[in-house]
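The primary structure of each chain is shown beneath.
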Amino acid sequence: MQDQHNPQPGSNDPALDPSIWRGLTQPRMSRRQMLRAAGAGAGALGVSAFLAACGVKGATVGGGSSPKPGGVGSASWWAKQKLHHTVNFANWPYYIDVLKGKHPSLQHFTDLTGIQVNYTEAISDNLPFYAKIRPSLQAQQYTGYDIIVMTNNSPPLGYLINYGWLTPLDQSAMVNFHKYASPLVANPAWDRGNKYTMAWQSGWTAIGYNSSVVKNPGDSVQILFDPKYSGKVGMMADPQELGSLGLLAIGVEPATSTESDWARAAKKLQTQKSDGIVRAYYDQDYINHLKNGDTVVSQAWSGDIFQADLNHATSDLRLLIPHEGGMSWTDNMCIPAYAQNPKDAMTLMDYYYSPDVQAVVEYYNDYVCPVPLAQQVLLHPTGWAAETLKAMKPSIGLPYSKTANAPTVFPDKQAIALSRPYYQYKSQEELTAWNNLFLPITQGS
Amino acid sequence: MTSSEGVAPAAGVTRRRRARPGKVLAPYLLSLPAGLWLLALFLVPLVVMLSLSLQTCNFGTGACVMTWHWGEFWSQVSLYHSQFLTSIYFAGAATIIDLIVSFPIAYWIAFYGGSKKNFFLLMLLVPFFVSFVIRTIVWEFILSDQGIVLGTLKNAHLLPQNFHILATGYAVVAGLAYNYLPFTALPLYVAIERIDKTVLDAAYDLYASKREAFTRVILPLTIPGMFAAFLLTFIPALGDYVNQQILGGTNNTMIGTVIQNAFLTNLDYAGGSALSAVLLAIALVGIFAYARLLGSRTIEEYL
């Protein structure tokens, strides 16, 4: 059991419960990883004359290899870049510290560097956002964003890397990153050597439950299949999340699973549905249904449950990372190709690896922190961090130590050991096969 | 255009000869704007959609190549045939509800509206000046489990605590019926309004009772209008995805939602196109059935 928090008193401005807002506005859908999308998919590249006649635009894309000497992203290219004192940052909604409608960490950044940040909450889902910026990238034009945040287990990050649509990072400018980044996000499997990405936040897809109803949750995913909670179980509509849980439930590691495992997992989930155990398949709104009692146990994202628990006086929600494992994902900052302000973007990205800054972000966010030292800052804040945390405290209403000691923010050994990576599709056919097994379960008629 | 009648043959010939180029071209020129509109905004997209359904698309680049992959149709239909059936069932139920609800309204306005007919028609349409999505979201708010209606009734112990309307098929059918009501009411009104009232008097003169006059005179005369109303309501409702998404749950998915997810959430353009093509075929079957039963002429009159 990961969550040892007691029900919390707090200031609890109900209008400010971030998990509700996040739940309402941030669909955590389509977490799929397809880092080697180019594989079999490359066979489908190219445009026939017939298609051109039909007006469907195809793409000519380059491979995502190392920067060529003197090319975009090389050391000499970075040396020529200048600060433009502006940066356009696209992030997911409710994913950064907020104080009275402003973002203290961004204001502090502008004070330090003179760089104005255009912070937009433009990303509510990986694939639709990718579909929006893709035409600009294909036309070799600026997407309008210098920094975007893409999830590691969703195909777009792999596409962007493989098609050469990300600007390789300036390793010499990643001073804070190389000094403070957690081993969980430094040199990750999805981007060896951090050539293109730096983590923004991470989290788990695990199980949330209402402790006032579920007295003995146990430590297994089988709780989601328990007939005792028939009609009160929430599952996720996203095929990646649903399928991964099905695999954990049949005792298979998702990352090393095979197509026959997928079929068995789908069968298990189909039975769970036809037995009437599942109330519904939810997107971002699962958290509201868990809060209002429509469900008592549900697939859940770690930060949401933690925030609901912290910021809600009457909440009995708890997070369970089962012994079969919790699916672990990371949202990554990256610079799209043809970005106009790459140097400003680099400066901002590295700034967020300062422990002081991450402490402020995490006090609001409660997802997994990419900078372990921020824990010490939360316990003994000084300077700007101390002032800002103090200013934020009335609206959050909890001691900083609650955040600092949460294993879901600064994971302990046990939590790290329970983290499981998602399956990486090796071809488009695999992705289609996966979707054709799990989508019909959630889009039932 | 029968101006040459009654004119001496010789003169008629010369006149016709002079008028010929304009006469031959005029209908084509007049229909040119509509023709271009149809071509650019209907036929071309239709061909693109049909060809996309036979192509293999790369999810990453969005590039598609023609592979004549007819299997896409079979695999999509075998995955989602039950969602098609749900859509037909929901759209059909909503249309029948609309016919039952709007017939008395249309009848009353046509026969008893008097000089205020246009005012009553406007009243019927006023709610629909507000965006369709917004009205549906307001219904979600009104009907939510602990909302102003159900919450109040539950607090008064008139309803069991776990009673809910949202996320059921009933909510979806009700939403569809509400949103497409004017598409049923207006063609019905046109059909009833044009009934010659003297025909009704004739029925009474022949000793028809009020009921017989209605069932044997008025109802048969409105049948073409009812079919037009049925098509105008049924076909858009069949592909609707807004009502299901806002008011429905996960066990009553309509095919429109599946298509929308294929295009926007999964970037599966080929699969979405194949499903759209099947949906279109179902709609066409309805239109052809109409044309066979009532003749294509009545379509022009009511649509």
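In this text the structure is predicted, and so the values were computed from the model without any measurement.

1. Quick look at the overall build of chain B
A count of helices and strands for chain B gives 13 helices and two strands. What you see for chain B is a C-alpha radius of gyration of 25 Å, clearly larger than the 19 Å of a compact globule of 303 residues, by over 25%. Along the first, second and third principal axes, the C-alpha atoms of chain B reach 85 × 65 × 30 Å. Expressed as a percentage of its 303 residues, the buried residues of chain B come to 29%. Within chain B, counting contacts between residues at least 6 apart in sequence, those at least 24 apart form 70% of the total.

2. Some points on the overall build of chain A
Regarding its fold elements, chain A presents 19 helices and 10 strands. Across the 445 residues that make up chain A, the buried fraction comes to 55%. Contacts in chain A between residues far apart in sequence, at least 24 positions, make up 81% of those at least 6 positions apart.

3. Description of the nonpolar core
In this structure, Ile147, Leu160, Ile207, Val297 and Leu348 of chain A together with Leu176 of chain B are the most contacted members of the largest nonpolar core, which totals 172 residues. Among the elements that line this core, the one with the most residues is helix α9 (residues 210-238) of chain B, at 10 residues. When sequence neighbours within four positions are dropped, the list of residues in contact with Val297 of chain A reads Ile207, Tyr209, Val214, Ile223, Leu224, Tyr229, Lys232 and Val233 of chain A.

4. Overview of the packing of helix α7 (residues 181-193) of chain B against α9 of chain B
Residues and elements named next belong to chain B. Here α7 crosses α9 at 165°, and the two axes come no closer than 8 Å. For the element pair α7 / α9, the angle class is roughly antiparallel. Note that α7 runs across α9; the crossing there is right-handed. Between α7, through Phe183, Thr184, Pro187, Leu188, Val190, Ala191 and Ile192, and α9, the contact on the second element is made entirely by Thr222, Pro224, Gly225, Met226, Ala228, Ala229, Leu232, Thr233 and Pro236.

5. Brief notes about the confidence of the model for chain A
Across chain A, the average pLDDT comes to 83, with 83% of residues at 70 or higher. Segment residues 1-64 of chain A is flagged for pLDDT under 50; beyond a separation of four residues in sequence, or across chains, it makes 175 contacts in the model.

6. Quick word on the pairing of strand β9 (residues 326-334) of chain A
Residues and elements named next belong to chain A. Judged by how many residues are buried, β9 sits mostly within the fold: nine of nine residues are covered. Side chains Gly326, Ser328, Thr330, Asn332 and Cys334 of β9 all project onto a buried face; the interleaved residues Met327, Trp329, Asp331 and Met333 project onto the opposite face, where all are buried too. For strand β3 (residues 148-151) and β9, the ladder comprises four bridges, and the chain directions are antiparallel. By the bridge assignment, Ile148 is partnered in β9 with Cys334. Examined bridge by bridge, strand β4 (residues 197-210) and β9 share eight bridges and lie antiparallel to one another. Pairing of Thr205 across the sheet is with Met327, part of β9. Pairing analysis gives two bridges linking β9 to strand β10 (residues 419-420), with the strands arranged parallel. By the bridge assignment, Met327 is partnered in β10 with Arg420.

7. Description of unusual backbone geometry
In this model, Asn187 of chain A sits at a positive phi of 55°, which is unusual for a non-glycine residue. Among the residues examined, Asn187 of chain A registers 11 C-beta atoms within 10 Å and is labelled exposed. At Leu267 of chain B, a residue that is not glycine, the phi angle is positive and equals roughly 50°. Its location among the elements puts Leu267 of chain B in the loop between α11 (255-265) and α12 (269-294).

8. Observations concerning the domain arrangement of chain A
Residues and elements named next belong to chain A. Domains assigned within chain A are domain 1 (14-24 + 205-328 + 419-442) and domain 2 (64-202 + 329-411). A straight line from the C-alpha centre of domain 1 to that of domain 2 covers 27 Å. Listed by contribution, the elements that provide at least two residues to the side of domain 1 that touches domain 2 are α1 (18-25), α12 (302-311) and β9. The residue makeup of the side of domain 1 that touches domain 2, split by class, is 10 nonpolar, seven polar and one charged.

9. Focus on the pairing of strand β1 (residues 86-90) of chain A
Residues and elements named next belong to chain A. Within β1, four of the five residues are buried, leaving the element largely enclosed by the surrounding structure. One ladder, built from five bridges, connects β1 with strand β2 (residues 116-120); its direction is parallel. Residue pairing for β2: Ala90 is matched across the bridge by Thr120.

10. Re the confidence of the model for chain B
Residue and element names in this part refer to chain B. Per-residue confidence for chain B averages 86 on the pLDDT scale, and 90% of its residues sit at or above 70. A low-confidence stretch, residues 1-13 (pLDDT under 50), is modelled with four contacts involving residues beyond four sequence positions or located in other chains. Interface confidence in the predicted complex, given as ipTM, is 0.72; pTM for the same model is 0.78.

11. So, the environment of Gly113 of chain B
Within the secondary structure, Gly113 of chain B is located in the loop between α2 (71-112) and α3 (117-125). When the C-alpha atoms of Gly113 of chain B and Val199 of chain B are compared, they prove to be 19 Å apart, with 86 residues separating the residues in sequence.

12. Concerning the packing of α2 of chain B against helix α6 (residues 169-179) of chain B
Residue and element names in this part refer to chain B. It is at 8 Å that the axes of α2 and α6 come closest, and there the two elements cross at 50°. Between α2 and α6, the crossing angle belongs to the class labelled oblique. In this structure, α2 crosses over α6, and the sense of that crossing is right-handed. In contact with Phe90, Ala91, Ala93, Ala94, Ile97 and Asp98 of α2, α6 contributes Gly169, Val172, Val173, Leu176 and Ala177.

13. Quick word on α2 of chain B
Along an α-helix, residues three or four positions apart point the same way, because every turn accommodates 3.6 residues. Residues and elements named next belong to chain B. Taking 1.5 Å of rise per residue, 42 residues should cover 62 Å, and α2 covers 57 Å from first to last C-alpha, within 8% of that figure. At Tyr80, α2 shows its maximal kink, close to 65°. Directly after α2, the chain includes Gly114, whose backbone phi takes a positive value near 55°.

14. Comments concerning α6 of chain B
Residues Ala171, Val172, Val173, Gly175, Leu176, Ala177 and Asn179 of chain B constitute the buried set of α6 of chain B. Buried-residue contacts for α6 of chain B involve α2, α4 (132-143), α7, α9 and α10 (242-247) of chain B.

15. Remarks on the environment of Tyr204 of chain B
Relative to the assigned elements, Tyr204 of chain B resides in helix α8 (residues 197-205). For the pair Tyr204 of chain B and Ala291 of chain B, spaced 87 residues apart in sequence, the C-alpha separation works out to 33 Å.

16. A look at the environment of Leu373 of chain A
Assignment of secondary structure puts Leu373 of chain A in the loop between α14 (355-365) and α15 (374-379). Along the primary structure Leu373 of chain A and Ser182 of chain A are separated by 191 residues, whereas in three dimensions their C-alpha atoms are 8.8 Å apart.

Analysis parameters
Residues numbered from 1 in each chain as written. Chains lettered and ligands numbered in written order. Predicted model: local features only at pLDDT ≥ 70, side-chain atom pairs only at ≥ 80, totals over all residues. Helix = DSSP H or I, 4+ residues; strand = E, 2+ residues; numbered from the N terminus. Rg over C-alpha atoms; globule rule 2.2 N^0.38 Å. Buried ≥ 20, exposed ≤ 12 C-beta atoms within 10 Å, placed from the backbone. Contact = placed C-beta atoms within 7 Å. Core = buried A, V, L, I, M, F, W, Y, C linked by C-beta atoms within 7 Å. Axes fitted to C-alpha atoms, helices over the stretch in contact; angles between N-to-C directions. Parallel < 35°, antiparallel > 145°, perpendicular 65-115°, else oblique. Left-handed = near helix turned anticlockwise from the far one by under 90°. pLDDT = per-residue confidence, 0-100. Pairing = 2+ DSSP bridges. Domains from an automatic or database assignment. Nonpolar A, V, L, I, M, F, W, Y, C, P; charged D, E, K, R; others polar. Expected span 1.5 Å × (residues − 1). Bend = angle between axes of the 7 residues up to and from the residue.

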